[in-house]
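Structure at a glance
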Amino acid sequence: MTLPLSYSLRNITARKARSLMTAGVIALVVVACSLFLGLISSLRKTLVSSGDPRNLVVMRKGSDNDGSSQLSLEAFQAVKYFDGIARDAQDQPLASPELVVQPFFHTLQGGRENVLVRGVEPVALQVHGDVRIAEGRMLNPSSAEAVVGKGVMGRYRGATLGSELEFGHGRWKVVGILESGGSSFESEVWVDVRELANDAKRPFPYSGIRLRTANGADMAALARRINDDPRFALEAQPETAYYSKQAESANALYVLVIGIAVLAGIGAGFGAANTMYAAVQARTAEIGTLRAIGFSRGSILWSFQVEAVALAVVGFGLGAVLALLLARLIGLLIGGIAFGARTFTTNVITLHVTPSDLATALVLAIVIGFAGGFGPAWRAARMRPIEALRKA
Amino acid sequence: MKYFSLIRANLGRNKLRTALTAGAIMLAVALVCMLLTMPAGMDAMLASMTSNTRISVHNKAGLVYSMPYAFTRKVRQVDGVAAAMSMTWFGGAFEEDGRVTFPNFAVEPEHVGEVYPDYKLDPQQLADFQRYRDGAMVGRQTMKKYGWKIGDRITLRSTVWPVSLDLRIVAEIPNDRSGILWFPREYLDQALQAEGRPGLGIAGMMWVRADDPNRVNAIMRTIDDLSRNSEAETASETEKSFFSSFFGSLQGLVTIVLIVTGLVTLCIIFIAANTASMAVRERSGELAVLKAIGFTRWVIFGMLLTEAALLSTVAGLLGVGLTLGLTAVLRLVASGSEALGPLGSFIVTAPVIVQGTFLSLFVGMLAGLVPSWGAARKPVVQTLHEVF
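Now for a description of the structure that goes with this document. Small disclaimer: the values here were computed from a predicted structure and weren't measured. (Residues numbered from 1 in each chain as written. Chains lettered and ligands numbered in written order. Predicted model: local features only at pLDDT ≥ 70, side-chain atom pairs only at ≥ 80, totals over all residues. Heavy atoms only, no water.)

What about the pairing of strand β5 (residues 104–107) of chain B?
All names here are of chain B. Going by this rule: For every residue, the accessible area obtained with a 1.4 Å probe (protein chains only) is divided by the maximum for its type, and the residue is called buried under 20%, exposed over 50%, and partly exposed between those limits. A run of DSSP states H or I qualifies as a helix once it reaches four residues; a run of E qualifies as a strand once it reaches two. Both are numbered from the N-terminal end. Two strands pair under a simple rule: DSSP has to find at least two bridges between them.
Every second residue of β5 is oriented toward a common face, with N104 and A106 on one face and F105 and V107 on the other, all of them buried. Across four bridges, β5 lies against strand β9 (residues 181–184) in parallel orientation. Note on β9: the bridge partner recorded for V107 is P184.

Observations concerning the sheet that holds β5(B)
Residues and elements named next belong to chain B. Put simply, the rule is: For this analysis, residues touch if any pair of their heavy atoms sits within 4.5 Å. Working convention: axes come from line fits to C-alpha atoms, limited for helices to the stretch in contact. Angles between N-to-C directions cover 0 to 180 degrees.
The ten strands lie next to each other as β4-β7-β8-β6-β9-β5-β3-β11-β1-β12, forming an open sheet whose pairing is mixed. Both edges of this open sheet fall to β4 (92–93) and β12 (234–238), since each of them pairs with a single strand only. Two strands pair when backbone bridges link them, and strand β3 (residues 81–89) and β5 are joined in this way by three bridges, in the antiparallel orientation. Its bridge partner lying in β5, M87 is registered against V107. Where helix α9 (residues 239–247) meets the sheet, its contacts fall on β1 (54–59), β11 (205–210) and β12, and the angle it forms with β12 comes to roughly 100 degrees.

A word on helix α5 (residues 193–200) of chain A
All names here are of chain A. To keep things clear, this is the line we draw: By arc we mean the arc of the directions from the helix axis to the C-beta atoms, nothing more.
Among all positions of α5, only V193, L196, A197, D199 and A200 are buried. The arc enclosing the buried residues of α5, seen along the axis, measures out at 165 degrees, which places them on a common side. Looking at the buried positions of α5, the neighbouring elements they touch are β2 (95–101), β5 (116–120), β8 (164–167), β9 (170–179) and β10 (188–192).

Considerations on the packing of aromatic side chains
Where we set the bar: Geometry of aromatic contacts follows a simple scheme: Phe, Tyr and Trp rings, the Trp one being its six-membered ring, pair when their centres are within 6.5 Å, and the pair is stacked under 30 degrees between planes, edge-to-face over 60, tilted otherwise. Working rule: Lys NZ or Arg CZ, within 6 Å of ring centre, within 35 degrees of ring normal, means a charge sits over the ring.
Overall, the coordinates contain 25 aromatic pairs over all chains when judged by the stated rule. An angle of 70 degrees between the planes, with centres 5.3 Å apart, marks the rings of B:W89 and B:F105 as edge-to-face. Of this pair, B:W89 sits in strand β3 while B:F105 sits in strand β5, placing them 16 residues apart in sequence. Counting every residue linked through ring pairs, the aromatic cluster contains A:F105, A:Y156, A:F167 and A:W172. Lying across the ring of A:F104, A:R112 places its NZ or CZ 4.3 Å from the centre.

Description of the interface of chain B and chain A
Which entries qualify depends on this criterion: Accessible-area loss on putting two parts together, using a 1.4 Å probe and summing over both, is the definition of buried area adopted here. Any carboxyl oxygen of Asp or Glu that lies within 4 Å of a side-chain nitrogen of Lys or Arg is treated as forming a salt bridge with it. Nitrogen and oxygen atoms within 3.5 Å of one another constitute a polar contact, given that in protein one can donate a hydrogen and the other can accept it, and given that sequence-neighbouring residues count only through two side-chain atoms. Lys, Arg, Asp and Glu make up the charged group, whereas Ala, Val, Leu, Ile, Met, Phe, Trp, Tyr, Cys and Pro make up the nonpolar group; the residues left over, Gly among them, are polar.
Taken together, the contacts link 59 residues of chain B with 61 residues of chain A. Approximately 5,200 Å² of surface area, both sides summed, lies buried where chain B meets chain A, with 69% of it carried by carbon and sulfur atoms. Applying the counting rule to chain B against chain A returns one salt bridge. Notably, a salt bridge pairs B:E237 with A:R112, separated by 2.7 Å at the nearest N-O pair. Where chain B packs against chain A, one counts ten residue pairs in polar contact (both at pLDDT 80 or more). Mapped onto the side of chain B that touches chain A, the elements with two or more residues apiece are α2 (15–49), β1, β7 (153–158), α9 and α10 (251–282) of chain B. Tallying contributions element by element places α10(B) first for the side of chain B that touches chain A, with 18 residues. Tallied by class, residues from the side of chain B that touches chain A come to 35 nonpolar, 15 polar and nine charged.

Written out as structure tokens, the structure is:
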């Protein structure tokens, strides 16, 4: 015979202040963990979702990122006509020569950050399939015009549609806003590739090439052919691999969050155990009575365990709402969160607490409730009915 | 103090509860301390590595822009400049790995001693660094990370220049927070020329030491005026401001860390307050008796408050101890794995220990305040009435 669920649930409301306090502790742990998890998943999403699975990144051998690579005009001219590269309607290869420079941008608050400025040709929009102009228009070739990513927009001086942006040695007119579904291109500024090379006085016109492989073509074979070309020391890799390598920087953060979750979880578990022990103590007579009228040990154990887990779930509910509100508040107050990467560029990410972050937090809360409730429930189940009744 | 034994006995009355509460507070304080080491570590790094007479000179447009090497000679002639050294990013990585895992630069060994007199460099090592064409000076953090010794040889392949350099470690920067590697710029220059390149005509940036802290601002202005309207206009700033803005991009993360720290602190208050209120509720009869036999409400209030504060302070101290142990373990783990490297940078500084301890004391008092005051204020008759 089991005790009805409502027995466990009503007990939670019997001591409102104490239950609320315990649920509050669990809620705070949930908030802390979901915020951190949200931060990491947003960062990873930004980096991992960047790049098109059909694209190759071509850089100088030995470079670990766009910013440190250099490429000659001859190398581009040669690679451009390799077999296996997709072509557009005019039969031009979808090969985008690009130059990356990371000048200082000045934030509205007076700080400065290295922002990735990408010099491109019009073909770039076709090669980077997920990038589109959300507002305004694409920049005109050979002009001092710029399009800025959504994350850059409004964060730096002059980074608004129609105004003049100052970086490098010149001034650039902002004519459009880039959108790429949250990937790292939204933290970039795009300008004309030749204008940028002039401004930065680079000895080499490009830093890398992005290639779209043709439908049905063998990407690995194309990459091998580029790597093996003896004329230019080049290295090609899938664009997705390039960005996921950069996402590895988030791994240390993961360990950090797991550590926080474990420490805070155990602490909250202790708090929950305290409350449940007190509940068991206060209800000694009741438990004795239940045993006397025929409820088994198992059902008592179960009922207290359910109560503890239910308490934890209430805590999770509070925490989840709070975490979502806080994430929104942080977004409103400090806008995007900037991450300086090793590659000397700033990724501006928007903090989102996703359902999967909340699911992880829910599991944590249930574990806290279960572990914290087990000791007290065990004690309640082991009570001998006669003694319990006598104490009362 | 005469009530101390009573307070202690009360804490021992429900040992399990006291232990659970102490455990929860201990973990939370440890967590707060760990989180605080992040911003604190940055401050400590700024304090230990920067000098108020050193100036950073770099291209106004950004750190990836350079300036002509010849400009360093002009800067050395500026009145009040004691010494100046150029520093150019090499971006060297291990061949097998391909990723830059510590900062490495081409510098001018003959000026290192003059620009960094505060680094406490070993004179013999400094002399070796100036003598060997392929010598390298390495910060202790990186030395430890890879288990290098003076005399070891390493090869770094540049991610920026098309060259690899064989280096011989001849000197150490005796600072645990320094991860930098320096080698002679001459060596890179010759390697580039051997590749058929025009050689290293640029300087990435420059570090300048002023002979007098009061002249720093004037010197910065003079240097920037010297480069005005040239191909590479410079922006000078103090060493401290340079590193602060270098860390500036971590500000967002630090904000989140501080918010989470605040939340965890709230957690401790809840847990401690919960325990205090349970203790007071269970003992209400006894407290009424104490009052009936003549204990004033202030004594009772003080005793309950001390009980809460004592519990959380002891737990807090344990938490600080736990932090010290955890960071030591993290450093061990991190030194073995590249991906976890950043975790090794948790360094518990004295301010963090003090903050953790005071936090637990403060939180204990705050948590005990409401229940203790409630118990002390309740009229005796009413309480006794409730009990009997």
